[in-house]
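Structure assessment
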Amino acid sequence: MPVFHLFTEDFQFYFPKFGIGRGVEEFMELAIGAQTSIGKIAHRIDNLLAPSGSNLVVAEGVTTGSDGQGKEWSGGETPGGRFCSVFSFNADGQIDRMHVYLDPDYTGEHQEGFRWPNRKRQEW
């Protein structure tokens, strides 16, 4: 279901490892690239935190899913899957800025990125 009517024509977005993009065309470039590494993904709405103020909404939550090879993740239970997104709205109520903050290594394949391999207690 297309939701681009919620966005301004030239909205700015950020996604880790992609960088800054603008507009639907560049967002679709991000989405197509993500499809090569993500088999399925779902946002868990039941524990979503979404405080808002003025023209900003911040959404913090977790996702579940699997990569292209079927390896699964579940935010809060595995290293990957937590996210925080910041939305800014214009005077007409459309999203003009969306920045997503997460670790795109959903399934923990990038072992060199784990800086504390001998941590006594791990909670995700």
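Structure's up top.
Every chain begins its residue count from 1, and numbering advances along the sequence as written. This being a predicted model, a pLDDT of at least 70 is required before a residue's local features are given, and a value of 80 or more before pairs of side-chain atoms are given or counted; all residues contribute to the totals for chains, interfaces and linings. Water and hydrogen atoms play no part in the side-chain values, which are based on all heavy atoms of the structure.

**Let's talk about the overall build of the protein**
For clarity, the cut-off: Counting from the N terminus, the helices are the DSSP runs of H or I reaching at least four residues and the strands are the DSSP runs of E reaching at least two. Whether a residue is buried, partly exposed or exposed follows from its accessible area with a 1.4 Å probe, protein chains only, as a fraction of its type maximum: under 20%, in between, or over 50%, in that order. The contact rule is simple, with two residues in contact once any of their heavy atoms fall within 4.5 Å. Each accessible area value is a Shrake-Rupley result obtained with a 1.4 Å probe; residue values ignore everything except the protein chains displayed when judging cover. Residues scored as positive are Lys and Arg, those scored as negative are Asp and Glu, and His as well as the terminal groups of each chain are ignored. For this purpose, a charge sits on NZ of Lys, CZ of Arg, CG of Asp or CD of Glu.
Of regular secondary structure, the protein possesses one helix and eight strands. Ordered by position from N to C terminus, the α and β elements of the protein give β-β-α-β-β-β-β-β-β. The dimensions of the protein, computed from C-alpha atoms along their principal axes, are 50 × 30 × 25 Å. When burial is assessed residue by residue, the protein has 30% of its 124 residues classed as buried. Of the contacts made within the protein by residues no fewer than 6 positions apart, 45% connect residues no fewer than 24 positions apart. For the protein, the computed accessible surface area is about 8,500 Å², with 54% contributed by carbon and sulfur atoms. Looking at the protein, you have 11 positive and 17 negative side-chain charges, and the mean spots of the two groups are 12 Å apart.

**Observations concerning the pairing of strand β8 (residues 95-102)**
Rules: At least two bridges found by DSSP between two strands is the condition for calling them paired.
For strand β1 (residues 7-15) and β8, the ladder comprises four bridges, and the chain directions are parallel. If you follow F13 over to β8, its bridge partner there is M98. Of the pairings in the sheet, the one linking strand β7 (residues 82-89) to β8 comprises seven bridges and is antiparallel in character. Looking at the pairing, F83 lines up with L102 of β8. Remark: five residues form the turn of the hairpin made by β7 and β8, two consecutive strands paired antiparallel; G93 in that turn has positive phi of roughly 85 degrees.

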